[in-house]
Amino acid sequence: SKANNPSHNHLEHYVPFQKYTRNGLNLSIECKHHNDVDPESFERIYKVLEDNMKKEYEKCSWGWIEKDKRVEMREKNPWFLIVRDSEQVIHAFAHFKFDFDEDIEVLYCYEVQVTEELRGKGIGKFLMQILELIGSRAEMKKIMITVFKHNPRAQHFFNDILKYVDDETSPKIQDPIDEKEYCYEILSKELKQREKFPAVAEILSKPLKQFKQSPAASTGS
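The rules behind each value
Residues numbered from 1 in each chain as written. Predicted model: local features only at pLDDT ≥ 70, side-chain atom pairs only at ≥ 80, totals over all residues. Heavy atoms only, no water. Pairing = 2+ DSSP bridges. Helix = DSSP H or I, 4+ residues; strand = E, 2+ residues; numbered from the N terminus. Contact = heavy atoms within 4.5 Å. Axes fitted to C-alpha atoms, helices over the stretch in contact; angles between N-to-C directions. Buried < 20%, exposed > 50% of the residue type's maximum accessible area, 1.4 Å probe, protein only. Salt bridge = Lys/Arg side-chain N within 4 Å of Asp/Glu carboxyl O. Core = buried A, V, L, I, M, F, W, Y, C linked by side-chain atoms within 4.5 Å. Expected span 1.5 Å × (residues − 1). Phe/Tyr/Trp six-rings, centres within 6.5 Å; stacked < 30°, edge-to-face > 60°.

**Side note on the sheet that holds strand 2 (residues 27-33)**
Sheet architecture is open: eight strands sit in the order 1-2-3-4-5-6-8-7, paired in mixed fashion. Looking at the sheet topology across the chains shown, the edges are occupied by strand 1 (19-20) and strand 7 (165-166). Examined bridge by bridge, strand 1 and strand 2 share two bridges and lie antiparallel to one another. Counted as the bridge partner of K19 is S28 from strand 2. With respect to the sheet, helix 4 (residues 152-161) is in contact with strand 5 (104-114), strand 6 (142-148) and strand 8 (184-190), its orientation differing from that of strand 6 by roughly 155°.

**Topic: unusual backbone geometry**
Even without being a glycine, Q88 presents a positive backbone phi close to 70°. Tracing the sequence through the fold places Q88 in the loop between strand 3 (79-84) and strand 4 (90-101). A positive phi angle, near 65°, is found at E139, a position not held by glycine. Given a relative accessible area of 40%, E139 falls into the partly exposed group.

**Brief notes about the pattern of salt bridges**
One pass over the full model with this rule turns up 13 salt bridges. Taking the shortest distance from any N to any O, the salt bridge between K59 and E56 comes out at 3.8 Å. Among the residues examined, E56 registers a relative accessible area of 15% and is labelled buried. Taking the shortest distance from any N to any O, the salt bridge between E66 and R70 comes out at 3.0 Å. Highlighted residues: E66 and R70, both in helix 2 (residues 66-72), separated by four residues, approximately one helical turn.

**Some remarks on the nonpolar core**
Grouped together as the largest cluster of nonpolar side chains are 38 residues, with contacts concentrated most on L81, M128 and F158. Looking at this core, the elements that each hand over two or more residues are strand 2, strand 3, strand 4, strand 5, helix 3 (123-137), strand 6 and helix 4. Listed in part, the 23 residues of the second largest apolar core include M73, V106, C183 and I186.

**Quick look at helix 3**
Given a rise of 1.5 Å per residue, 15 residues ought to cover 21 Å, and the 21 Å separating the end C-alpha atoms of helix 3 matches this to within 8%. Buried residues dominate helix 3, accounting for 14 of its 15 residues. In the segment just after helix 3, E139 is the residue with positive phi, at about 65°.

**Notes on the packing of aromatic side chains**
Summed over the entire model, instances satisfying the criterion amount to 14 aromatic pairs. Consider the rings of Y57 and W62, whose centres lie 6.5 Å apart with planes at 45°: the pair is tilted. A relative accessible area of 34% means that W62 is categorised as partly exposed. A ring pair is formed by Y182 and Y184, whose centres lie 6.0 Å apart and whose planes are at 90°; its orientation type is edge-to-face. You can call Y182 partly exposed: its relative accessible area is 28%. Taking the relative accessible area as the measure of exposure, Y184 reaches 15% and is therefore buried. Ring pairs connect the aromatic residues Y46, Y57, W62, W64, F148, Y182 and Y184, which therefore count as one cluster.

This is how it looks when you write it as structure tokens:
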């Protein structure tokens, strides 16, 4: 599909979303197919993920195995939104793929991570808004993400701020009797189908809140 074509630039029609200049920041945002992420950038992305999430994984039966995690980050033809400062240092990223879930076309967000020093400045929300726009344009039906139940920051970010809900595939719904046996939940939000070339003014006027599987989101915004 065009959505998974490595040469396709998913931010091509969203020029305002290639920069983040709020809250005193001056950041650039690019969308890259995993094959186009250079080794140095991949190492930095991995380091941000490890710093944010290693302890969260170790609280769960999944554990943290570096070799496996590195492989996971390139499995299933993924894409990355990469956020850099003026010195080209990576401070945040989103790791996602276009997939099918129960025969429904979905954008699955594996991770959205922001370095500790830049949290609370709206970057996580901005990245999720971009993913919603990309998913809508690619005609995905919903966006999905996995969160650890023992990560209240992620729970608050997705449930309360971004208004995600329990997905029908989440253990809470699929296996309610043994739900406590699972360390994660799957959340989702339906995507509104937009015009092929939506007006930028219309996009920017919408509140941010309108906008297996590795648990994502650890971060917050």
